Amino acid sequence: MDGLTQNTGFNGLLTALVFLPFLFALGILIFARNDHHVRLMAAVGGLVELVLSIAVFIAYKKVESGFQLIDRFNSWIPIDSFRVDYFLGVDGLSVPMVLLTGILGMVAILASMRITNRVKQYFIWILVLQGAVFGVFTALDFIMFFLFWELELIPMFFLISNWGTGRKDYSAMKFIIFTFLGSAFMLVGALALYISVGTFDMTALPELVQSGIKLVIPAGAIFGLLFVGFAVKLPVWPLHTWLPDAHTDAPTAVSVLLAGVLLKMGGYGMIRVTASIMPDVMAGLAWLLVAAGVINVLYGAVVTVRQTDLKRLVAFSSISHMGYVLIGLSAIASKGADAAAVGLTGASMQMFTHGTITGLMFLTVGMIYDRTHTRYIPDLGGLSNRMPIIGLAFLIAGLASLGLPGTSGFASEILVFLGAFPVWAWPTALAVFGVVITAGYILWMTQRTLFGHMNSRWEKLTDASKLELVPIVMLVATILIFGIYPAFLTDLFKISVEPIVAAVNSSSEILSR
Amino acid sequence: MINELGTWFIFFSPLLAFVLIGVFVWPFIGKKSKLSGYITIFAITCSTILSFWALGSVIHNGQAIEIDSHNWVKIENIEINVGIMLDELTAIMLVVVSSVSLLVQIYSTGYMKNDGGYSRYFMYMSLFTASMIGLILASNLIQMFVFWELVGASSYLLIGFWFNKPAAAAAAKKAFIITRLGDFGFLLAILYLFFNSGSFLANGLNPFEVADINNAIALGVISSSVAGWVAIGMFAGAMGKSAQFPFHTWLPDAMEGPTPVSALIHAATMVAAGIFLVARFFPLFEASKEAMMVVALVGGITAIFAASIGLVQNDIKRVLAYSTISQLGYMMLALGVGAYSAAIFHLFTHAFFKALLFLTAGSVSHSVGGTFDMRYMGGLKRLMPWTYGAVMIGGLSLAGIFPMAGFWSKDEILNHAWHSSSVVSDVVFWIAIIAAFLTAFYMFRAIFMTFEGEYKGGAKSDPGMDVLEETTPHESPKVMIIPLILLSIATVTVGWLVNPLTNIGSIPIHWFADFIHVGEGHDKVLAFNKVLAVIASLIGVSGILLAYLIYVSKFRVLDRLPVKTNEIYKILISKYYFDEFYEDVITRHVFYSRFATYLDAIDKSFIDGIVRTVDRIGRNIGRLIAQIQTGQLQGYGVVTSFGVLLLFGIYLIFR
């Protein structure tokens, strides 16, 4: 097959993308003499990564589709019985994720400029984290994917437990244990696949597994093992309880990355691994996806209403919004290719848009917290008087979060609903009601923080500085650009979605014969 | 003939004004810069001129002008396009929206003169005008929904314009959430159409194109029951936006926004979007008798229900708000009995005279120091002659008195309801007659309370206001009066001019009714019914007379009646307790204090409790195992020896 022969060579762009953050971290460790140097080097690192991720976005040729910008050395771990390749590449699914990581990485670094405690370590961990996430989104060898997946936990643990607030040690440990548990299952699943078909090559696995090779354990079991790993990360109810704790106690920039990028690793894994390799199993279990999705959406939204801590509120809203990803994925069971493709595209797009929207939310909440030193909603109010720009940014994030058209939040939600409704009419209708509750908690939150009488305590608050304006403008622009013309993203996502949909359709055709 | 670019520019012109003010004037020139007002007025003037051009082109063309659409999103066979649908309905709506918007913007430069958020105000107003025009132009259902939500968002921003006022912030939220509740139905209607996309695609139609959806009925692509469900879902959206019963509660509260906003958005244009939506998909609604019946009944109930609350309100803007809800009910009722052109005609005339009435209310409030409470006004007739003249014209029009615009359009609706074959036509006809009486009464009650009798001190006397200095009532500045005069002229003339009884010059008889039509065979133009017109006028006059007797004449009927302790009065002044039911019972009590609280507790105690239990079990096992690790070599040696023996034993047994 053509696709397989193309998947060799060495382009270098992705290798640079993944490993430059580590180099910058090393550079900071060795060369930075004071905090000022550290910040400068980290900012340059973030900028370089942003430019590289935009370069990936531009360099990917939509018309050619498939995996591109391949970097591959065969037998990176040269043991005959355990062949692991160095294999990086991107397709329509990973390109937007790379862009998202580039944007949010830069945002996170800019949002960290006020950190004064152990600055050097902090930025080193942030850069390592960014490199690891780039690795997850570009690795096409399952073992490499897994290594990056685990690598991301180390900086995360230290960032939350050292620079967090509240019960930070507890939250960091909870996060680690949950994810580790999930990834243990994932590793077993990956090994079972390897033993069955003899490769970790994620581009070759779909065809090999679907060709009907006998698997060492039933396909459903492998699917379950892999899925649990991703489900923890997304998170899927009831595996979600780590998320509110970790988000609330993490420092601002880490919340931005955690909600913006790390959750998306879960959804990315579901599409890249489970849906691509075993689409028919996924289609068979789609009722579970839609059930979990509806619970995520409604349960998450209702619990969000009760939250009084701004960050915790945004964290719970993330659980609700990740439910839309599951609902979009459940469209894979559609009999027609159209609805399935729309749903999967919507699910992928929801990951990107939620990343930017929640990123902006955590960013602005962080700015509010920096100034008021409280996140307790009843203490706030009338903040738009003293900080109109931060208030406006927060409002834009809120409106995008409730799916206001013109923002990218609408485009992804409508695609998810359109895709899922023909297959799962009633569950989808229930989930659509989630948008009403979302409007409720978002607008109630903005009313209580930004509008109304201002507490005289907040008389001296200042609005966003020029430096703070940069990440705000970046995210608002991203939200608006992809909201006004979502085809920039959907044209990419559908490249990766079409083979999955085709595979489901061909297998169901075989069955119906 | 207008081309595609020119038509798009009707939309882009105010949008550019929004962007220009937002990224340039507001941050760099000033939050109170006069420039923003000028930019907005200039942009909307362009839109108005182009709108008239578009109307002329459609008239000249004799039918809708074809304009190509562009692809927005395409996945497999599913295409979502954006385009323009330039037909008769669009052209009329464009003219209404852009011209009323233009007059309101001019008025606003006077009304908002000293406001700290001057630039922000015009920025939002431009955004609203652009969104509303976008909604009217849309040729695609998704595109329509986009602008449908954007007008809602601009309404949210403008109701909450004075965000320091807790009441304004709460009203903005309420408006958004209640209309969203309706949009839930709208969204489901879109999804249900997509559910049938297979049959659309098989016939070469697109399930999202407005024209294709309407054609699908005629072609038999979708059954009448599908059409009915889709129509009902869309109608839920229309009910939210047009504040139809029982989604009406947000509109009176929306009066917390600046008065010109109420005039433009919450009277003339945005709230009519629900009527527009039903009109846009009229063939779809007509395909289902049940859907039409629902529309007629909801419209009828709304018309009389809102009018009854309007009878007792003391806030002049709230009287007008309930009047708006009631008049929107009239339009829905008309659509429901199949009177398409009559409904649009009423939308058209109502936009002018209701904008006029709101702007006079603003002018009055401006002059008495800011209060809207009519109990502290009175006697303004001589002090504000221009405003008084304008309010009389608007009031007579609302009451349906010859020759004002409202007379003609209301008469059309009554006439159609009378002749309609709908099952509910009798019911809604009598509802409409009673509502007409109530309307005349409450409007003139408001006019008499405000302009007759003696001046009662204005804002200073109002305990609800924090005003200490005395204000002497005065006529408003020219920039506010000129729009009033122009709207008054429109109110006096548009009724008989656009839909005349005989040919007037080059305007043919029943021009409007002939121009606005859907397909052949629908909604025949009815001959003018003289008897009905006389009866309706008498009803209007009697309402006015009753108001005169009670509020102006020396009979002092009101003082003799124990009105304030009356049960009916209590129910009306409490607005039938809908706010209490929605906010206290459903939202606060059932949803927040019960449902959400329990679920939150379950999340904290049960779900996370399981996690903590697993964690504790793990720790305890760890502690148990740790106890074995004593560090004493002898102990390890004993265990090891036993282990070896055990393994050896097993080996011997299973060998």
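About the thresholds
- Counting restarts for each chain: residues are numbered from 1 in the order of the written sequence.
- A letter from A marks each chain and a number from 1 marks each ligand, given out in the order of writing.
- Residue-level local features of this predicted model are given only where pLDDT is at least 70; pairs of side-chain atoms are given and counted only at 80 or more, and the full residue set underlies all totals for whole chains, interfaces and linings.
- Strands are runs of DSSP state E lasting at least two residues, helices are runs of H or I lasting at least four, and both sets are numbered from the N terminus onward.
- Counting other C-beta atoms within 10 Å of its own, a residue is labelled buried from 20 upward, exposed at 12 or fewer, and partly exposed in the gap between, with every C-beta atom placed from the backbone.
- We compute the radius of gyration from the C-alpha atoms alone; for a globule the expected value is 2.2 Å times N to the 0.38, where N is the number of residues.
- Whether two residues are in contact is decided by their C-beta atoms, placed from the backbone, lying within 7 Å.
- What pLDDT expresses is the predictor's confidence in each residue, scored from 0 to 100.
- Classification convention: Asp, Glu, Lys, Arg as charged; Ala, Val, Leu, Ile, Met, Phe, Trp, Tyr, Cys, Pro as nonpolar; all other residues, Gly among them, as polar.
- For helices, the fitted axis covers only the stretch in contact; all axes are lines through C-alpha atoms, and the angles between them, taken along N-to-C directions, range from 0 to 180 degrees.
- When an angle is under 35 degrees it counts as roughly parallel; over 145 it counts as roughly antiparallel; between 65 and 115 it counts as roughly perpendicular; any other value is oblique.
- Left-handed describes a crossing in which the near helix is turned anticlockwise from the far one by less than a right angle; the clockwise case is right-handed.
- A pair of strands is labelled paired if DSSP reports no fewer than 2 bridges between them.
- Expected helix span is taken as 1.5 Å per residue step, with the number of steps being one fewer than the number of residues.
- In plain words, the nonpolar core is the set of buried Ala, Val, Leu, Ile, Met, Phe, Trp, Tyr and Cys residues that C-beta atoms within 7 Å link up.
- The angle separating two fitted axes, one through the seven residues that finish at a residue and one through the seven that start at it, defines the bend at that residue.

Brief notes about the overall build of chain B
Here is step 1 of the chain: For chain B, the helix and strand inventory stands at 26 helices and two strands.
Here is step 2 of the chain: In terms of its C-alpha atoms, chain B occupies a principal-axis envelope of roughly 120 × 65 × 55 Å.
Here is step 3 of the chain: Sorting the 655 residues of chain B into buried and exposed places 56% on the buried side.

Here's the deal with the overall build of chain A
Here is step 1 of the chain: Within chain A one finds 21 helices and two strands.
Here is step 2 of the chain: Against the globule reference of 24 Å for 513 residues, chain A gives a C-alpha radius of gyration of 22 Å, in line with a compact fold.
Here is step 3 of the chain: Projecting the C-alpha coordinates of chain A onto the three principal axes gives extents of approximately 75 × 55 × 40 Å.
Here is step 4 of the chain: The buried share among the 513 residues of chain A stands at 64%.
Here is step 5 of the chain: Taking as baseline every contact in chain A between residues at least 6 positions apart, the subset at least 24 positions apart corresponds to 81%.

Side note on the confidence of the model for chain A
Here is step 1 of the chain: Looking at chain A as a whole, the pLDDT averages 90, with 97% of positions reaching at least 70.
Here is step 2 of the chain: Throughout residues 1-5 of chain A the model reports pLDDT below 50, and contacts reaching past four residues in sequence, or to other chains, amount to two contacts.

Structural notes on the interface of chain B and chain A
Here is step 1 of the chain: The interface is formed by 41 residues belonging to chain B together with 44 residues belonging to chain A.
Here is step 2 of the chain: Elements with a contribution of two residues or more to the side of chain B that touches chain A: strand 1 (70-75), helix 5 (141-159), helix 6 (166-195), helix 7 (197-202) and helix 25 (578-628) of chain B.
Here is step 3 of the chain: Split into classes, the residues belonging to the side of chain B that touches chain A amount to 28 nonpolar, six polar and seven charged.

Structural notes on the environment of Thr109(B)
Residue and element names in this part refer to chain B.
Here is step 1 of the chain: Within the secondary structure, threonine 109 is located in helix 3 (residues 88-111).
Here is step 2 of the chain: The buried category is assigned to threonine 109, around which 21 C-beta atoms lie within 10 Å.
Here is step 3 of the chain: When the C-alpha atoms of threonine 109 and glycine 389 are compared, they prove to be 22 Å apart, with 280 residues separating the residues in sequence.
Here is step 4 of the chain: Contacts of threonine 109, omitting those with residues within four sequence positions, involve Gly37 and Val479.

Some details on the packing of helix 3 (residues 35-59) of chain A against helix 4 (residues 94-111) of chain A
All names here are of chain A.
Here is step 1 of the chain: Where helix 3 contacts helix 4, the axes come no closer than 8 Å and their chain directions differ by 160 degrees. By the angle class used here, helix 3 and helix 4 are roughly antiparallel. Crossing angle aside, the handedness with which helix 3 passes helix 4 is left-handed. Only Val95, Val98, Leu99, Thr101, Gly102, Ile103, Gly105, Met106 and Ile109 of helix 4 make contact with helix 3, whose side of the interface consists of Ala42, Ala43, Gly46, Leu47, Glu49, Leu50, Leu52, Ser53, Ile54, Val56 and Phe57.
Here is step 2 of the chain: The class makeup of the residues in the contact of helix 3 with helix 4 is 14 nonpolar, five polar and one charged.

A look at the pairing of strand 1 (residues 68-79) of chain A
Here is step 1 of the chain: Judged from the seven bridges that link them, strand 1 of chain A and strand 2 (residues 82-90) of chain A form a sheet pairing that is antiparallel. Bridging across to strand 2 of chain A, Pro78(A) finds its partner in Arg83(A).

Comments concerning the packing of helix 18 (residues 405-419) of chain B against helix 20 (residues 478-498) of chain B
All names here are of chain B.
Here is step 1 of the chain: As a packed pair, helix 18 and helix 20 sit with axes 6 Å apart at the nearest point and diverge in direction by 40 degrees. By the angle class used here, helix 18 and helix 20 are oblique. Only Thr491, Val494, Gly495 and Trp496 of helix 20 make contact with helix 18, whose side of the interface consists of Ala405, Phe407, Trp408 and Ser409.
Here is step 2 of the chain: Residues of the contact of helix 18 with helix 20, tallied by class, amount to five nonpolar, three polar and no charged.

What about helix 18 (residues 408-420) of chain A?
Here is step 1 of the chain: Counted at 1.5 Å a residue, the expected span for helix 18 of chain A with its 13 residues is 18 Å, and the 19 Å between its end C-alpha atoms agrees.
Here is step 2 of the chain: With respect to burial, helix 18 of chain A is a largely interior element, 13 of its 13 residues being buried.

As for the pairing of strand 1 of chain B
Residues and elements named next belong to chain B.
Here is step 1 of the chain: Alignment of strand 1 against strand 2 (residues 78-82), held across five bridges, turns out to be antiparallel. By the bridge assignment, asparagine 71 is partnered in strand 2 with asparagine 81.
Here is step 2 of the chain: Count of turn residues in the strand 1/strand 2 antiparallel hairpin: two residues, of which glutamate 76 carries a positive phi of about 50 degrees.

Description of unusual backbone geometry
It is generally the case that most residues other than glycine have a negative phi and that most peptide bonds are trans.
Here is step 1 of the chain: In this structure, Pro235(A) follows Leu234(A) across a cis peptide bond, with omega equal to -5 degrees.
Here is step 2 of the chain: Along the polypeptide, Pro235(A) turns up in the loop between helix 10 (219-233) and helix 11 (242-249).
Here is step 3 of the chain: Looking along the chain, the bond that leaves Phe402(B) and enters Pro403(B) is cis, with omega of 0 degrees.
Here is step 4 of the chain: Its place among the elements puts Pro403(B) in the loop between helix 17 (385-399) and helix 18.

Description of the nonpolar core
Residues and elements named next belong to chain B.
Here is step 1 of the chain: Within the largest apolar cluster, 441 residues are counted, with the highest numbers of intra-cluster contacts made by Ala355 and Ala432.
Here is step 2 of the chain: In terms of residue count, the dominant contributor to this core is helix 6 (20 residues).
Here is step 3 of the chain: Not counting residues up to four positions away in its chain, the partners in contact with alanine 355 are Val100, Val104, Ala263, Leu264, Ala267, Ala268 and Leu487.

Considerations on the confidence of the model for chain B
Here is step 1 of the chain: Here chain B averages 89 in pLDDT, while 97% of its residues score no lower than 70.
Here is step 2 of the chain: We note a pTM of 0.91 for the whole complex and an ipTM of 0.91 for its interfaces.

Quick look at the environment of Val297(A)
Residue and element names in this part refer to chain A.
Here is step 1 of the chain: Here valine 297 lies in helix 14 (residues 286-305).
Here is step 2 of the chain: As for valine 297 and tryptophan 237, which are separated by 60 residues in sequence, their C-alpha atoms are 9.6 Å apart.
Here is step 3 of the chain: Those residues within four positions of valine 297 in sequence are excluded, and the remaining contacts are Ser320, Gly323, Tyr324, Ala431 and Gly434.

Remarks on the environment of Leu137(B)
Residues and elements named next belong to chain B.
Here is step 1 of the chain: Considering the arrangement of structural elements, one finds leucine 137 in helix 4 (residues 118-137).
Here is step 2 of the chain: Once the C-alpha coordinates of leucine 137 and isoleucine 84 are considered, the two residues, 53 residues apart in sequence, prove to be 5.1 Å apart.
Here is step 3 of the chain: Leucine 137 has contacts with Thr7, Phe11, Ile84, Met85 and Thr90, leaving out every residue within four places of it along the chain.

Re helix 16 (residues 340-367) of chain B
Residue and element names in this part refer to chain B.
Here is step 1 of the chain: Along its 28 residues, helix 16 runs 41 Å from first to last C-alpha, staying within 8% of the 40 Å computed at 1.5 Å per residue.
Here is step 2 of the chain: Within helix 16, the axis deviates most sharply at histidine 350, by approximately 30 degrees.
Here is step 3 of the chain: The buried fraction of helix 16 is high, at 28 of 28 residues.
Here is step 4 of the chain: After helix 16 finishes, the residue glycine 369 shows a positive phi value of roughly 95 degrees.

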